[in-house]
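Chain and residue survey
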Amino acid sequence: MAPAILGPRILPPTVRTSSNPGTRFARFPARGSQLVVGSRRRSRNGARSSSSSSSSGASGAREEEGAGSRLAKRLGRTISERQLLRPRQRVLVAVSGGQDSVCLLHLMLELRDAWDWSVGVVNCDHRWSAPSRRASALVAQLAQSRGLDYYQAVATSSVLGEGAARTWRYGVFRRLAARHGYEAIVTAHTASDRVETLLYNLCRGTGISGLQSLTWKRWIDPVPSLSQRSAFRAEQLIESFEDPQAPGSAQPLLQPQPLALVRPLLDVTRSELRDFHRQMKMPLWPDPSNHFLDIDRNRIRHELLPYLRKHFNGGIDKSLARWAEILHGEQLYLDNLCRSILGQAESEVDGPGPGRRLDVVLLKSLPIALQRRVLKQFADNFTVTDMKSTLHMLANGETP
């Protein structure tokens with residue numbers, strides 16, 4: 001049964017209902033096939049045609065095009081210098097219908113030809129508010145008008161809490177990437193989001209890994225972490241990698257490749273995107289839940305940060321964003337150092353079953369800060385290896 005989310009002028013979707021409780025999937029194919037002319041792609045419905053095809057009103061068109069091109073070039077430099085994406089990748093852009101994600105989609109499409117990307121769009125409806133259906137319909141219309149494949153996941157009941165919502169979204173990303181061959185998920189987190197996340201983690205209590213806030217690129221492991229795993233049964237995890245009942249699906253992917261989660265707008269503020277959106281006159285459907293003050297992040301955005309700007313530092317956003325970037329560099333160095341130490345301290349255990357052990361003497365010789373990091377990496381690696389082994393045993397009908 002199709003989710004009741006369709007707006008006007010939307011093609012009837014090919015609906016695939018997940019057997020994994022809590023999610024319904026719908027895939028909207030692009031209208032018309034893609035024509036490839038050299039390195040440029042155009043859809044049969046002419047969705048990629050230039051908005052400046054007529055010379056009338058050229059000055060306004062040039063102003064809009066200039067605004068988009070400047071920010072697109074800046075985004076392209078960021079992606080290239082930080083090696084966030086590669087040419088000819090299959091890229092899935094997460095679009096909610098709000099300002100930041102709609103701008104991101106526009107910029108990614110400006111860069112698509114130069115990078116030869118295959119771009120798709122995914123919308124995750126948490127059902128946090130009634131207008132979310134209309135926002136999803138808007139995103140579907142945007143994807144269709146640009147000739148893009150569109151994927152939608154709708155929670156069968158409201159997803160409670162930001163942590164649960166993030167776990168659910170990442171599960172959606174894993175499944176779509178495994179089924180449709182996407183190599184990277186691109187999200188519209190900005191410098192403003194980075195500052196808000198830093199303050200949120202600081203108030204909760206965290207180490208450097210939390211204070212560095214959002215990072216430019218991270219990997220979503222195909223096997224959920226120990227904290228995420230408690231919410232799922234093993235057979236649901238196997239099913240989530242691949243739906244064997246889906247038309248044209250391959251065998252279940254028990255060991256898919258890690259999925260890149262890319263945030264290319266971390267040096268762009270929300271106000272910059274607001275100006276860009278106004279110049280480009282793009283449609284959007286703001287999420288009213290962004291103003292619910294019972295959500296911690298919203299109180300930081302609408303109450304704490306304005307107070308800090310007024311009474312402590314008018315440029316605190318840029319100051320905290322620089323601090324987050326400094327912490328990110330230090331975190332990368334410490335992670336690499338501890339990974340090297342772990343390679344020396346870890347060894348296999350002789351016996352009938354798989355096992356790993358740590359050299360305690362070497363571990364005790366390290367400063368306490370490195371001890372903690374090495375132990376955490378060891379526990380994380382062992383957890384992932386153990387889970388993959390369990391999935392294989394379950395697939396073969398064995399008892400773990």
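Residues numbered from 1 in each chain as written. Predicted model: local features only at pLDDT ≥ 70, side-chain atom pairs only at ≥ 80, totals over all residues. Heavy atoms only, no water.

1. Re helix H11 (residues 316–345)
Here H11 is 30 residues long and its end C-alpha atoms lie 42 Å apart, about the 44 Å a rise of 1.5 Å per residue gives. Regarding H11, the residues found buried are Ile316, Leu320, Ala321, Ala324, Leu327, His328, Gln331, Leu334, Cys338, Ile341, Leu342 and Ala345. (Helix = DSSP H or I, 4+ residues; strand = E, 2+ residues; numbered from the N terminus. Expected span 1.5 Å × (residues − 1). Buried < 20%, exposed > 50% of the residue type's maximum accessible area, 1.4 Å probe, protein only.)

2. Points about the environment of Ser289
With respect to the helices, strands and loops of the structure, Ser289 is situated in the loop between helix H9 (270–280) and helix H10 (296–311). Taking the relative accessible area as the measure of exposure, Ser289 reaches 4% and is therefore buried. Separated by 160 residues in sequence, Ser289 and Ser129 have C-alpha atoms that sit 6.7 Å apart. Leave out the neighbours within four places in its chain, and Ser289 touches Trp128, Ile295 and Asn298. (Contact = heavy atoms within 4.5 Å.)

3. Description of the nonpolar core
Counting residues in each nonpolar core, the largest one holds 42 residues, and the members touching the most others are Ile79, Leu85, Val93, Met108, Trp117, Val121 and Leu265. Sorting the residues of this core by element identifies helix H1 (58–81), strand S5 (90–94), helix H2 (99–115), strand S6 (118–125), helix H3 (132–145), strand S8 (184–186), strand S10 (259–262) and H9 as the ones contributing at least two each. Sort the elements by how many residues they give to this core and H2 lands first, with nine residues. Those residues in contact with Met108 that sit more than four places away from it in its chain are Leu75, Leu85, Val91, Val93, Trp117 and Val186. With 18 residues, the next largest nonpolar core counts Tyr151, Trp168, Tyr182 and Ile185 among its residues. (Core = buried A, V, L, I, M, F, W, Y, C linked by side-chain atoms within 4.5 Å.)

4. Comments concerning the environment of Met280
By secondary structure assignment, the location of Met280 is in helix H9. Among the residues examined, Met280 registers a relative accessible area of 13% and is labelled buried. Spatially, the C-alpha atom of Met280 lies 9.1 Å from that of Cys103, the residues being 177 residues apart in sequence.

5. Structural notes on the pattern of salt bridges
One pass over the structure, following the stated rule, counts 13 salt bridges. The salt bridge partner of Asp193 is Arg270, with a shortest N-O separation of 2.9 Å. Taken together, the positions of Asp193 in helix H5 (residues 191–204) and Arg270 in helix H9 put the pair 77 residues apart, joining distant regions of the chain. The burial state of Asp193 is the same as that of Arg270; both residues are buried. Close ionic contact of Arg299 with Asp296 constitutes a salt bridge, the shortest N to O distance being 2.4 Å. Within this pair, Arg299 and its partner Asp296 are both found in helix H10, separated by three residues, close to a single helical turn. The exposure class assigned to Arg299 is partly exposed, which follows from its relative accessible area of 32%. Residue class for Asp296 comes out partly exposed when judged on its relative accessible area of 32%. Within the structure, one salt-bridge network assembled from shared partners comprises Asp100, Asp193, Glu196, Arg270 and Arg301. (Salt bridge = Lys/Arg side-chain N within 4 Å of Asp/Glu carboxyl O.)

6. Brief notes about the confidence of the model for the chain
A low pLDDT score tells you not to read the predicted coordinates there in detail. Residues with a pLDDT of 70 or more make up 68% of the chain, whose mean pLDDT is 75. Confidence over residues 1–21 falls short of pLDDT 50; this stretch has 58 contacts with residues more than four positions distant or in other chains. Counted against residues more than four places away or in other chains, residues 225–255, with its pLDDT under 50, gives 55 contacts. (pLDDT = per-residue confidence, 0-100.)

7. Observations concerning the pairing of S5
Side chains on a regular strand alternate between the two faces of the sheet. Among the five residues of S5, four are classified as buried, and the element is accordingly described as predominantly covered. The pairing of S5 with S6 spans five bridges and is parallel. Bridge assignment links Ala94 to a residue of S6, and that residue is Val122. Chirality of the crossover, the property in question, places the unit of S5, H2 and S6 among those that are right-handed. (Pairing = 2+ DSSP bridges. Right-handed = clockwise from strand over helix to strand, strands pointing away.)

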